[in-house]
Every structure is written in structure tokens, then in C-alpha cells.
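# Overview (structure and organization)
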Amino acid sequence: MKKALPRSSYMVVFGDTKMEFPDTYDLVDIVEKQCKEEGINFYRAASHFEPEESWRLFGPPSRVLRWCCTVHKAAPQTLKIREVLGKNDYVGMDFVGVRAHESATRATYDEENFGKKQKGQYSHNPILEWTSAEIWLYIFSHNLPINNTYKKGNSRAGCLFCPMGGGKSDSFRYLCYKNEIDKYTDIIRDTIADENIGTYITNGGWIERKNGRDIIGNETKYTEEIIGDDLVITIRNPSTDWHEWIKTLGEVSFEYNVEQISNGFRISVPKQYDKSSECKLFKQVFHKAAYCVKCGVCEANCRNGCISFKDGLAITNCLHCKQCHNIDDGCLAYHSMQLPKNGGRVMKSINTFADHAPKIEWIQAFFEKGTEFFTDNTLGPMQISMFKRFLLDAKLAEKNKTTPFYDVVTRLGWESEEAWGLILVQLAYQNPQIKWYIDNMPINETFPRQYLEDKLVEAEISPKDAKSILKAFKRLTEIPLGYVINFGTTENSGRQLSSLRRCKSTLSSELVLLYALYRYAEACEGYYQFNLSTLMDVNVDSVGISPVKIFGFERDEMEAMLRGLSAKYNDFIDADFTHDLEKIALRDYHTSADVIDLF
């Protein structure tokens, strides 16, 4: 920047979430001092909330309730830049240091976008394609200051206690910053009603939170139900005036009635409008009225300066752009604190086998008889039902008929390594129970049965289903998934299952890896270029499942197989590991189905 632009033409803005690594603040102080010495405008942008306050207002953040990024980073930065420029509808360019190598999500970023992170701003990611080696070489060659948290084993320096973290990163952070992290775990203890709060925290129950059900003292402020011919919305103890929020919609095309009740009001709307897009926005008006905590996000979203909280909520000269509704459920506080609409406590189970996981004799009979198996077998009604689910998710059978993939497996040999490598990839994407094992049981770690049961219960699985899911794992280790490609092992204490372990696969098939890579790319919405570091990081949050996470390949194994694939199947893949590039490019004119044809 200093080389390309006059120093008066840009500013440096540090988005202070107030949850950064202590070492980060030391580095920011150094950068701020340097900017002042060189005549560069430097600003800090932060929410008016302290984290100790916001975590209680919104409930602890989680992987699906990430209000923290917007409340503590994006909105304050937007408001600060508006304040500095004196313009609500400014258009600017921010230069961001994100890199594709950091995560599968960031690997999908464009070099330039408009308004995705900051309202009214173009974002340019100039080092998006830089590798870690290139970053460190640049830092050392230019003698730049270094965030000391990297010297303590941390690979990234975002928020100190983040629901998107996990694995060894959490261990490094806790070893280095125990007192700071304890502040956040203490808030979780204070805000969550769970009789096993210790395991809730250590097992990561807090990062799986999906609603406000377990928040202590969380009152129901918004409810809706169909009564007769009307949709009836009830608001109790609202925090802001709905008359202000309704201005954001302009004219409402349907009639509605509002009546005062004790501690609130009740709204009636003809029920035929319930599922309309206009009624969705109408409901959001009352989400805001009920739950608004003045976090500043609606204000930041409004590029016309119509929303203000200076002397209480006031909306003036609204242009009805509805950008203040472009928020999860219209209000992040409602989104994070709402209670399950059905009042239930147990989510739909991932227990897909219901105490009837497949047995080796069932599999053998299926491959011997093919389609005839469905009319000629000795399984009971529940057994055949659960086995059909297994075959469907493995793509071996559908509607009581074998599939073309069954023919491929038969040709390879139904007990072959390649066959079960392919089947495991199918199950990883199609079967939620298999995916749970992969997501929650890192390879070559032994887990006590009780630990995994607690983890399942924390994820709102019933205790009965939790036991069934773990018993099924034992049965899966007894079919070729276990004894051919080493999916996992279990140990018993007497007759009781005592521990479970997912193992590094013995698979060595390059073609199975190629198939897994294409499935990964297709799941990531067709992102066909990535790097080995991304695949090796099993803690990356991604829709696609890395082959490393499925099979447990080591880096040297991956490099060897990728080089082999690049040499033998260059029409499908090109892998380059020279000069730390680690580039893997799949040919986007092929699909995973084309890879199956190679077997």
C-alpha cells in the first residue's frame, strides 16, 4: 500500500473484537505507532458491547449461531469508516489478508467482491494465492514485526476462543492463554443449564448450540401459531417499538390487527399469508421488536443512515431497501435466543441403523444373489429395512434393485480394498451416522464409550439412540469396512463396550483417492483447485470431506499418490509440489462418475 498509494489516500482500520489473542494487541500497538510516525491514519473499530456482555445477551456463539463476527467485527468496522468519512453511502476498497490455504471456505473466495463482508465496500484479497512459505519469506525478507502467538504453536491468530476452532489449536491456545480462555468458559458455565456442564464444555457441546433452549433465564418473547383462520403472533416484554420497525416495510399489502395484552401485544394476520415472502419480512419486524439489543447490525446494514439508536430507536426517511432485514431471521438476538418451535428436546436422530447395523452374512448374501436378495433372504422386517438403508447410502441398491455401482464393486471383488474404499466414500457423504463417526472421532484416537455417549447427548441425540449408534460402530468393524480397510476397532470390558477407535486406513488405491477428491470438489460447489495443506487440515469447516479425514493418509502418502495420479491420469488431475506450491487441480470437465468408469 505504501508503495502504491499516497499515505493520505487510505486508512488502516483494526477491527477489534475484544476477543483477540493478547499477543495480537501487542502487535497492533506496534503497527499503530508506526502508522502515526509515517502519517498514516490508523483507527480501531469495536462494538460498544464487551464480550462478557454480548455472550450473555446472545448466548455463547456456536458454529451455526455466529453472531459474534457480525456484532464484534463487521458492523463496528462499517460504522467506524462511516464516522471517519462522514458518509453513510460510501464506496471504498478494503485490502484483506485472507488466503485460500487457510480453509476450504476461504479457498472459494474471489480476489475481489463487493459488499460481502462490509456494506458499501469492495474487498480485495491481494495475497489470496500466497502459500505459508511465501508469507514467511516476505516477512523475514522485509523485517516485518511478527505476532508472537505464532511462536507459541498457533497456526492462526483470530479470536482467542472461537467455535470454529478445534483439535490441537485449542490445546495450544489453552496452554498459552489459560486465564483469558477461562473467562469464556466461565460465561458458558453461568449461562447454560446443563447438569454435565463440564463435559458440555470439554466435549464441544457449546459449539453445537442451535437455539436458546438451554440458556438460563431465557424467556419466550415471540411465539406464533395458527388459530382458526389467523396466524397469531404474540410478543411479550418487547425491547423496542414495533411502530418504528414496521416503517422498514413501507405499505403492507395484507390487513393485520394489533391488540395490547399484559406485558406485550398480539398480532393477527389472515393465515393464507403465513408462507408468503412479505409475511416473512412482517414477522421479522416483530423479531426485532421483541429481541433487539441495539447491537448496531441493522444500523450498519442501512447505507442511507435511516436507523439510529442515539436517543432510542428512531427510523426516519426510510427508503424501504430492506437491507436491515438481510440478517438471519431479521435479528441476530432472536436468531440466537429463539426456542425450538415444536418445544421438543430431541432432534431427528442420526441413528440410521437402529440396532441393526449390517452383518457380514447379510453382505455376503447380497453380493451372491444381487437383486434376488430382496425376495430371498432370512432377515426380519426391521433388519431388512435397516440393511436397505445401508445399501441405499452405499449406492449399491435402490428400490429393491442393484445399481451400476454394485456392478463395479462386483467386478472389483466385493471383499477388495478398492471396493470398500469406494463404499466408505459413498457412506461418508450419504449416511449421517458414518459422517458423525468421521467428524467426531479423529483417526488413531481411542475414545471411552461414555465420552462419546455424552457427546451425542450434548448434540441432542436421545440416550437410547446414543448407545445404539456406538454399538453399530462395533458391528461396522466386523464387516469388510473393518477387516479389509481397517475402519476402526473397539474394546470391551466384560460384555460391555468400553472404548472405540477409528483407525488409519490400509487403503493404498490411487483411484479411490481420485474419486474422493472429485466428491470433495463437487461438495464444495465445484471448487476444483485446492492445496495439500487444506486437505491435511482435518479441522477445516467444509461441506466437502477431505480424503485425509476419511482415510487418515499421511502427508507423504498423499504426495506420493497425487504424483502418481498426475502422471497416470493427467486428463483428470494435475498436482505440483515444487517450490512449496502444493497445487492440486482437478479437470472440471470430468466428474466423480467419470472416475468410477476408470475402475
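Before going into details, it helps to say that this report is about the structure given with it. (Residues numbered from 1 in each chain as written. Predicted model: local features only at pLDDT ≥ 70, side-chain atom pairs only at ≥ 80, totals over all residues. Heavy atoms only, no water.)

### Points about the overall build of the protein
Looking only at helices and strands, one finds 24 helices and 19 strands in the protein. Taking 599 residues into account, the globule formula puts the C-alpha radius of gyration at 25 Å, and the protein, at 27 Å, falls close to it. C-alpha extents for the protein along the principal axes are approximately 75 × 70 × 50 Å. A total of 599 residues make up the protein; the buried ones form 49% of that total. For the protein, the accessible area works out to roughly 28800 Å², and carbon and sulfur atoms hold 49% of it. For the protein, the distance from the average site of its 73 positive side-chain charges to the average site of its 82 negative ones is 2 Å. (Helix = DSSP H or I, 4+ residues; strand = E, 2+ residues; numbered from the N terminus. Rg over C-alpha atoms; globule rule 2.2 N^0.38 Å. Buried < 20%, exposed > 50% of the residue type's maximum accessible area, 1.4 Å probe, protein only. Areas by Shrake-Rupley, 256 points an atom, 1.4 Å probe, with all protein chains shown as cover. Lys, Arg positive; Asp, Glu negative; His and termini not counted. Charge placed at Lys NZ, Arg CZ, Asp CG, Glu CD.)

### What to know about a negative patch on the surface
Together, Asp 110, Glu 111, Glu 112 and Glu 129 line one region of the surface with negative charge. Structurally, the position occupied by Glu 112 is in strand β4 (residues 112-114). (Patch = residues over 30% accessible without salt bridge, like charges linked within 9 Å, V, L, I, M, F, W, Y side chains within 5 Å. Salt bridge = Lys/Arg side-chain N within 4 Å of Asp/Glu carboxyl O.)

### Quick look at the packing of aromatic side chains
Following the criterion strictly, the structure yields 43 aromatic pairs and no others. Relative to Trp 206, the ring of Phe 161 lies with its centre 4.6 Å away and its plane at 10°, an arrangement referred to as stacked. Residue Phe 161 is located in the loop between α4 (132-141) and α5 (168-176), and its partner Trp 206 is located in the loop between α7 (197-202) and β6 (222-227); the two are separated by 45 residues in the primary sequence. On the accessibility criterion, Phe 161 (14% relative accessible area) is buried. Pairing Trp 436 with Tyr 437 gives two aromatic rings, centres 6.3 Å apart and planes at 75°, and the pair type is edge-to-face. (Phe/Tyr/Trp six-rings, centres within 6.5 Å; stacked < 30°, edge-to-face > 60°.)

### A look at the sheet that holds strand β16 (residues 496-502)
Reading across the sheet, the 3 strands line up as β14-β16-β15 and stay open at both edges, with antiparallel pairing between neighbours. Where the open sheet ends on each side, the last strands, each with one partner, are β14 (446-448) and β15 (488-493). Averaged over all adjacent pairs, the angle separating strand axes in this sheet is 25°, with direction ignored. Inspection of the sheet shows β14 paired to β16 by 3 bridges, in the antiparallel sense. Opposite Phe 447, over in β16, you have Leu 500 as the bridge partner. On top of the sheet, helix α18 (residues 463-476) reaches β15 and β16; it is set at about 65° to β16, its chief contact. (Pairing = 2+ DSSP bridges. Axes fitted to C-alpha atoms, helices over the stretch in contact; angles between N-to-C directions. Contact = heavy atoms within 4.5 Å.)

### A short note on the environment of Glu 111
Looking at where Glu 111 falls in the secondary structure, it is placed in the loop between β3 (92-95) and β4. Classification of Glu 111 as partly exposed rests on a relative accessible area of 46%. With 218 residues separating them in the primary sequence, Glu 111 and Asp 329 have C-alpha atoms 29 Å apart.

### Overview of the pairing of strand β18 (residues 573-576)
Only one face of β18 is buried, namely the one carrying Ile 573 and Ala 575, since none of Asp 574 and Asp 576 on the opposite face is buried. Pairing geometry for β18 and strand β19 (residues 583-586), over 4 bridges, is antiparallel. Across the sheet, Ile 573 pairs through a bridge with Leu 586, a residue of β19.

### With respect to the pairing of strand β1 (residues 11-15)
By the bridge criterion, 5 bridges tie β1 to strand β2 (residues 41-45) in an arrangement that is parallel. Residue Val 12 lies in a different strand from β2, and its bridge partner there is Phe 42. In the classification by handedness, the crossover that spans β1, the intervening helix α1 (residues 22-38) and the parallel β2 is right-handed. (Right-handed = clockwise from strand over helix to strand, strands pointing away.)

### Structural notes on helix α15 (residues 417-430)
Spanning 14 residues, α15 covers 20 Å between terminal C-alpha atoms, matching the ideal 20 Å at 1.5 Å per step. Counting buried positions along α15 yields 11 of 14 residues, so the element is predominantly enclosed. (Expected span 1.5 Å × (residues − 1).)

### Describing helix α14 (residues 404-412)
Regarding α14, the residues found buried are Phe 405, Tyr 406, Val 408 and Val 409. The buried residues of α14 occupy an angular sector of 160° when the element is viewed end-on, so they sit on one face. Pointing more than 90 degrees away from the buried face of α14 are the exposed residues Pro 404 and Arg 411. The inward-facing, buried residues of α14 contact α12 (360-369), β13 (401-402), α15 and α24 (592-596). Downstream of α14 by a residue or two, Gly 413 has a phi angle that is positive, lying close to 105°. (Arc of directions from axis to C-beta.)

### Details of the nonpolar core
Residues Phe 366, Leu 396, Tyr 437 and Leu 562 are the most contacted members of the largest nonpolar core, which totals 88 residues. Looking at which element gives the most residues to this core, the answer is helix α20 (residues 510-523), with 10 residues. Non-local contacts of Leu 396, meaning those with residues more than four positions away in its chain, are made with Phe 366, Phe 367, Leu 391, Lys 401, Thr 402, Thr 403, Phe 405, Tyr 406, Val 409 and Ile 423. The next biggest cluster of nonpolar side chains, apart from the first, holds 61 residues, and it includes Phe 161, Ile 192, Val 297 and Cys 331. (Core = buried A, V, L, I, M, F, W, Y, C linked by side-chain atoms within 4.5 Å.)

### Some points on the state of the cysteines
Linking two cysteines covalently via their sulfur atoms produces the bond known as a disulfide. Within the structure shown, the criterion is met by 0 disulfides. Looking at the unpaired Cys 324, the closest cysteine sulfur is the one in Cys 298, lying at 5.5 Å. (Disulfide = S-S within 2.5 Å.)

### Here's the deal with the side chain of Thr 24
If you trace the backbone, Thr 24 turns up in helix α1. The class of Thr 24 is buried, set by a relative accessible area of 9%. With sequence-adjacent residues up to four places away left out, Thr 24 is seen in contact with Asn 147 and Ala 157.

### Concerning unusual backbone geometry
In the Ramachandran plot, Asn 317 falls in the positive-phi region, its phi being about 55° despite a non-glycine side chain. Here the phi dihedral of Asp 329 falls at roughly 60°; this positive angle occurs in a residue that is not glycine. Here Asp 329 lies in the loop between β11 (314-315) and α11 (332-337).

In short, geometric facts, not functional conclusions.
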